[in-house]
Structure formats: structure tokens, C-alpha cells
Amino acid sequence: MALELLTPPRPLALELRVHGVHGAPPDELLGDPRTVRITGDSTAAVFRRAADADAEAHPEWYAGRPVVEAYCWSRLTSGNGSRALWLLLLPFMVVNLAHWARPAGPATGPAPRAVRTYGVLVRVLALSLTLLLIAAACEVALDLLAWQCAGTRTCTGSRSWLGFLAPGGWWGQPGRRLVLGALVPAALTGLLWFLSNRTWSAYESQPPPAGTAVPAPAGDGAPALGRPGFWYGRRIVARLRAAHTAAGLLTVAAAVAAPTARYDRSAATPVLDVIGWAVEILLAAGAVAVAWVVCRRGRTEVRPDHALDRAAVTLLPGAALALLAAVLLYAGWSRPGWTSTGRLPGDFVFGLLMLGQGCCVLLLAAVAARLYRLAPDPASALYGLGGPAIAMLGCALGGVMSGGVAQRVADWLDGGAPAAGAPVPAPPVLLSWQAAVLPPLLLVLALLAAWFTVRTVRTRRRLAATVAAEYPGEPPDMDRSRRIAGARAAAALTDSAPWFVAAVSGITLLLGAGALAGAWLSGRVPGDAARGAHPLLASAARAAQDTGSWLIGLGIAAFVTWGRRAYRDPAARRTIGVLWDVGTFWPRAAHPFAPPCYAERAVPDLTWRMTGWTGSTGGRLVISGHSQGSVLAAAAVWQLPPQVRRRVALLTYGSPLRRLYGRWFPAYFGPGPLGALHGDVDCWRNLWRATDPIGGPVLHDAGDTTAPDASVDRGPLADPLAYGRSARHPLPAPILGHFDYQADPAFAAERDALLARLAGPARRGRSGTRAVPAPRVSKEPAAPEGPEDPPGTAG
């Protein structure tokens, strides 16, 4: 008895669970309605069962079983219903996603220059989307309302709220109307700046524990997600926020200054003419400064970058705001003889933006193809062209959303025209051509969907013939086999997604080029341009124009409605949860106005928890992640110090690490980085099912059990667990698909096996380290040592 009292208790074992996109509550994750918050806040926190709250004080109570914790992060992406408005920033999120979807390229050689070029092109595309949004706001507020509608009594006569802008009053001069209209896009720019700054403070300002990740020498092929500064991009976000804010303000200033200076030159007023030239020169200088800030430097990842470029962050937006104020003062000067006729030069601006985006996408594809040729990876989506395809989708979304608003406002104002032939507001011709390409695009998408449906039906029939044989001793049931085969065939559609994206992007690029050429060559809307042609062609052009205009309006309304419903109804949230959580997983490296990156809060949270717990207890830890939680778990393990990483086991299930992330983001989750992660952690086990549309193997292809790292992947697990009714399963077993992995006996077996493989407190790692130090806490980390990385080495 005395010997037993002298024997120290065995250190605790901890299982840290991380949920996926469905956002399971703590009681569901822990299987107990009585839970307590161990650490964290109302946004993201670690929970335990109430009975396990003081487990560290009684390790003898947990012999043979782990203490279970749950890290709940769902409020980082859901929260209240108002956050669904983030979906309006979807084009910004998509183009930011394109930054991370580049091919890996070789570890050494000419790749760094190509990587920097790729990053510059994506940041230029991101800037063009900001310009497109602000230009659309200028089109509505300045051109349609202040210039066209307010310039004619026929338009203002039926709208009393616009009566004070009618010609003849103090506000009736075109310059003053433009000044008033400029407040709308300027306020929109300020709102974007405010949201970006606020969400940074709320989500992404969490520095990693000091000394957690060790900088690796450049060029050694170390995984990027293990770099100390990967999840702390304060410097690049601040720089880009300042540049995009300045670009928005300068766009508003240019929209006001251009027609004003043009009138002053035609009116031969020397003083105002000189001021107009000076304003245009300053606007050009501001544009050059913005381009220099955007292109000069990319991300710094070799260490947490706490420094700020004060000149760019403060002077650039401040100077742009001062210049906008000067332009508004200049445009508001009295010009009694000035009248507004026609349209502002919107066709030229939107056409130039559209042409520039198309050229940037093509250049991006060329750079991506070069990177892929330097280090081919057949598992990469679209042979390395996934990034350019995603960028093309982002540009298309931006064009549809911005053009749709202008179209709807123009149609609304046009409805108030009292008589035919009266001058009424009209949007740029290019926007009508963009709307006209939507019906043929949707027709192609419908044909693609039909083809995938037919292929899925055929696959289900083929699989149904072999399902019953996988359950020996069970009598065949064709209906049951078809349901199981249907779940597997539907899950396999995920592997065809890259070609669907490629088809949509390619067709969008071709139709967009045709719309731009038609608008510039004809100068008329599609219905008018087709007059005199074959009756069938003329009817098709008119039908495409009218249908496309209404499709845009209905699409925007449905988009907003769907977004609000998605975060109020959990079932609807699951529908878009995968794409949304993938998009906001990545830091804002290209667009500062994109929705905030929740991983810049979640990954440091997990890193702090694992490092602090193992350092204070010396115990064993299994971090188990489901779906998107497995991606967060892997990213957090990469950030651990080597001595901690060797004391941690990784259990993933329903994991998209290779099936989605490895395919679309090969530079960060390709075979090389995942193989390095397998070598760094003490042990890793991954569970997957053939009926899971998201999860899959992580280190080998499905069915390849001869691969060197096939021991990591266990699957496909039986789903359902039972084919028919039996004494053990008297009721039909459900097809679980992507959910409820913990209901499978394999989950508990693999978790216990991982804990058994982890060594106790006396185990020494490769470096001979016995104890694990706790993280050092400091609000202002010491200045990093070593030379600074070259600008944009991370893209």
C-alpha cells in the first residue's frame, strides 16, 4: 500500500475535438448536456463536460480513458444573421482564394520569381474588383441619378425627392449634383475600410505563442503552414487596406473631375482649366502610388510581422481623401452655362476594367502553367490552372453583381418616364451585353448538370450490383443496394468539380470577350445591334437582353435572401458551409475587403491550448478534427514547436485535406506538405467513407493499400454499418455519409490506439527533450532576428 502511494499517477491523456462546418454545439460534441467553458470567449472557446472540469487535479480518475475537450469555433463564421451580409463580399473572397490556389512549383530554382509574379497578378485582379464595385456605385449615384435623371425635368418631375436637383436651382448645376452624388460611393469606400479594420481587430489580430514555430532556412522545402508568420498577416492587410481605400476614393474623385475638367476645357475658362489639369495630374500620381503599394510587397511569413508601413497606411488614404475633398470643391464651383447631356463615360471605364481583368487572368494562367511544368503534380486541379479558373469566377461574380445593381436602378428610373422618346436614364451599353450572355451561360450549365446526372445514374447502377457482396451473410435487397450505391455515386461527384469549374470559367471568358467586342464595335445594346439581321437572330438577341436583365435582378435578390437564411437555418447553412468555410479559411493576402479569416483566430487558439496543456501536465494529446476541423487541426499541429509536435497525435475523419485542399491548394496541402506533416507528428490516423462527398484519404489514393503511407488512412469504412436488420441492428442502419464518424466503432479504436502509441512523461523525442516548456506570453514580441525576406517571397 505504501508503495502504491509513492507511485506517481500516470499523466493525463487529452482528446481535443474540433468540429467541422456544421458547427456542432459543445453538448453534441461531448455527448453530455452539462458542459463548462474552460477557456475562450463567446466567439470561440474550449469546453469540457462539467464532471471533467478539474481533471488535472485528479489524474487517477482517468486511468485508461482520455479527458475529452471540444474547441467550438462556429461563431467565427456564423454568429448572428447580419453576418450573412458578408456574402455580398463573395467576389473579393473568391479572388483572395485564387492567391492560395497556385501550383507548388519546385523548392529551388526559378520558382520564387514566378511565385512573386503570380502574387502580383492576383493582387492587381483584387484591386480591379474594388475599382469595379466603386465604379458601379459611381454609375448609379453619379451617372444615372445625378447626371442623367436629375438633368431632365421629365425624370425629376415624377420623383419629388429629386426635385431639388432639377435644373434652375442652386443644386441644379451638374457639378454640384455630382458633388452630392459622390457622397454615396465615398461612403461605401469608408464602410469597406471600417469593416476591414474592425474584422481584423475581432478575428485576425491574435499573434501565435512566442517561439512556437521555428523559422526554417529559405529554400529547404519546409511546409509553408509551419512558418511562424503564416497566420499573422498584419502588415500586408494594412498595406492593402490603405491602397484599396485610396483607390476607391481616387475613383470617386476621377468620376467627378473628368466631366468637370472636360467642360472647363470646352468653355475656355483659363483658371478652372489649369485647376482641372492639376487635379488630373494629381489623380494620375495617386494611381501610380496605389499601384506601387499593391505590387511592391507580398506576404511575409518567416516570422510574425508586427511592423507597419506607416507612410503607406496613413499618408496614402489620407492624401486620397484630401484630394477627393479638393475635387468636390473644384466641381462645386459655379458654372451657370453647364448642362448635363448624354451619359458619363461609363462604357469606357467598365470596358477597360473588363479588358484588364481578362488580360490578367490569361497572364495568371501562363504563370501557373510555368509553375506546374517546373514541378508537375497530377493531383492538382486542372493541371495547375485552378487558381486562374477561380480568379475568372471572381471577376465574373463581380461583374454580374455590380452590373446587376446598375441595371436594376436604371430600369426603375426608366419606369418613371412619362412619354416615349423622352430622355431617360440608361446604363452603359456594356452592362446590357454582360446581362445578355447570362442565358447562354445558364443553358451550358444546364447541359453540364444533365451530363453529370446521367453519369451519376449509370455509376449508381454499376455499384448497386456489388454492394450486397460487401456484407457477407446478408440477403440481397436491391432497393437497399441502390440507396447505398446512390450515396456513393453522389459523393464521387466531388472529384468532377474541377472540370465543372473549368467549363464555367472557360465559357465565361469567351462570352465575356464576345460581350466586350459587341459593345465596343456596335455601341448599342444587343437588341438594337441585331436589328436588320436574320429575324431569328434579332429575336434571340432581344430575348437574351431582356431575360438577362431580369435574371441579374432576381439573382441578386435571391442571393441576399439565401444568405440571410443560410445563417438562420442550420440545414441551409450546411448547403453553403463547405465553400464558405474554405474561402474564409485563408488569410486576406490579396483583397483586404474580403470576409475575415477565421483561421487566424482558430489556429493560434489551438496552438496555445496544445502547447500550454502539454507544457503544464506533460500528458499525451490527441487532436481529432472532423471535416474543416481536420484542416484547422493540421494547421495548428504545423505551428507547434518540434518538441510538442512529437508528443501530439492527429486523428482526422471526413477530412478534405487531400480531396479538396490538396487538389485546389497544392502549394500548401499537396503530397509534399502532407508527407512532411506525417513525418513530424508522432502518429496520424485518418478515417474516411466512400459515401462521404467531402472526406477521403490523405496520403494515398482510394483503393491503393500498397502505398508507403497507406497505414495512415483507414477506409473506406462500412457505411451503413449494417446492410439489413439483425439482432444487433434491429432497425435499419442509416447511411451516415459525412457525419457521425464517432458513431463508428473504428473511431474509439483508432483514438485509443493513438494514445497507446504516444509515450509517457519519460519519452524523449528525437532531440532528447524531456519536458515541454509553456508558451511565453508577451503583447509586444521582441524584434525578430535574421535578415528580412525579400518582398513578396510568399506570393
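In this text, all values refer to a predicted model and were calculated from it rather than measured experimentally.

1. Some points on the nonpolar core
At step 1: Counting residues in each nonpolar core, the largest one holds 123 residues, and the members touching the most others are Tyr-71, Phe-585, Trp-586, Ile-623, Leu-632, Phe-669 and Trp-684.
At step 2: Counting residues per element, this core draws most heavily on helix H4 (residues 111-149), which supplies 14 residues.
At step 3: Residues in contact with Phe-585, not counting those within four places in the same chain, are Trp-231, Cys-597, Tyr-598, Ala-599, Gln-628, Val-631, Leu-632, Ala-635, Tyr-661 and Phe-669.
At step 4: Val-179, Ala-253, Leu-283 and Ala-312 belong to the second largest nonpolar core, which has 38 residues in total.

2. A word on the environment of Met-93
At step 1: Looking at where Met-93 falls in the secondary structure, it is placed in helix H3 (residues 90-100).
At step 2: Put simply, Met-93 and Gly-394 are 301 residues apart on the chain and 7.9 Å apart in space, counted from C-alpha to C-alpha.

3. Here's the deal with the pattern of salt bridges
At step 1: Counted according to the given criterion, the structure contains 21 salt bridges.
At step 2: Here Asp-32 and Arg-34 are joined by a salt bridge, their closest N and O atoms 3.6 Å apart.
At step 3: Classification of Arg-34 by relative accessible area gives exposed; the value is 61%.
At step 4: Linking Arg-48 and Glu-56 is a salt bridge whose minimum nitrogen-to-oxygen distance equals 2.5 Å.
At step 5: With relative accessibility at 1%, the residue Arg-48 sits in the buried group.
At step 6: Assessed through its relative accessible area of 34%, Glu-56 is described here as partly exposed.
At step 7: A single salt-bridge network, built from bridges that share partners, covers Glu-15, Arg-17, Arg-751 and Asp-752.

4. Thoughts on the environment of Tyr-383
At step 1: For Tyr-383, the position within the fold is in the loop between helix H10 (346-374) and helix H11 (386-414).
At step 2: Ignoring anything within four residues of it in the chain, the contact list for Tyr-383 reads Tyr-372 and Trp-499.

5. Examining the confidence of the model for the protein chain
Detailed reading of the predicted coordinates is not advisable wherever pLDDT is low.
At step 1: Chain-level pLDDT for the protein chain is 82 on average; 83% of the residues reach the 70-or-more range.
At step 2: For the protein chain, helix H1 (residues 2-6) is the element with the lowest average pLDDT, namely 45, and strand E3 (residues 45-49) is the one with the highest, namely 95.
At step 3: A low-confidence stretch, residues 213-220 stays under pLDDT 50, and its non-local contacts, those more than four residues away or across chains, total 11 contacts.
At step 4: Within the model, pLDDT remains below 50 along residues 760-793, and this stretch shows 56 contacts once partners closer than five positions in the same chain are excluded.

6. As for helix H9 (residues 310-331)
At step 1: Helix length check: H9 (22 residues) gives 31 Å between terminal C-alpha atoms against 32 Å at 1.5 Å per residue, within 8%.
At step 2: Among the residues of H9, those classed as buried are Ala-312, Leu-316, Pro-317, Ala-320, Leu-323, Leu-324, Val-327, Leu-328, Tyr-330 and Ala-331.

7. Remarks on the environment of Val-637
At step 1: Residue position: Val-637 is located in helix H20 (residues 628-638).
At step 2: The spacing of Val-637 and Thr-607 is 30 residues in sequence and 7.2 Å in space, taken between C-alpha atoms.

8. Some points on the pairing of strand E1 (residues 13-18)
At step 1: Of all the 6 residues making up E1, 6 are buried; the element is thus mostly covered by neighbouring parts of the structure.
At step 2: Side chains Ala-13, Glu-15 and Arg-17 of E1 all project onto a buried face; the interleaved residues Leu-14, Leu-16 and Val-18 project onto the opposite face, where all are buried too.
At step 3: Pairing of E1 with strand E5 (residues 620-626) involves 6 bridges; the strand directions are parallel. Bridge pairing in E5 places Glu-15 opposite Val-622.
At step 4: Sheet topology places E1 next to strand E4 (residues 67-72); 5 bridges connect them, and they run parallel. The residue bridging Leu-14 from the neighbouring strand is Val-67, located in E4.

9. Focus on the packing of H10 against helix H15 (residues 497-522)
At step 1: One can describe the packing of H10 onto H15 by two numbers: an axis separation of 11 Å at closest approach and a directional angle of 150 degrees. Between H10 and H15, the angle is such that the two are roughly antiparallel. Handedness of the crossing formed by H10 with H15: left-handed. Facing H10, whose interface residues are Asp-347, Gly-351, Leu-352, Met-354, Leu-355 and Leu-362, H15 presents Leu-509, Gly-512, Leu-516 and Trp-520.
At step 2: Residues belonging to the contact of H10 with H15 are distributed by class as follows: 7 nonpolar, 2 polar and 1 charged.

Rules of the game
- Residues numbered from 1 in each chain as written.
- Predicted model: local features only at pLDDT ≥ 70, side-chain atom pairs only at ≥ 80, totals over all residues.
- Heavy atoms only, no water.
- Core = buried A, V, L, I, M, F, W, Y, C linked by side-chain atoms within 4.5 Å.
- Buried < 20%, exposed > 50% of the residue type's maximum accessible area, 1.4 Å probe, protein only.
- Helix = DSSP H or I, 4+ residues; strand = E, 2+ residues; numbered from the N terminus.
- Contact = heavy atoms within 4.5 Å.
- Salt bridge = Lys/Arg side-chain N within 4 Å of Asp/Glu carboxyl O.
- pLDDT = per-residue confidence, 0-100.
- Expected span 1.5 Å × (residues − 1).
- Pairing = 2+ DSSP bridges.
- Axes fitted to C-alpha atoms, helices over the stretch in contact; angles between N-to-C directions.
- Parallel < 35°, antiparallel > 145°, perpendicular 65-115°, else oblique.
- Left-handed = near helix turned anticlockwise from the far one by under 90°.
- Nonpolar A, V, L, I, M, F, W, Y, C, P; charged D, E, K, R; others polar.

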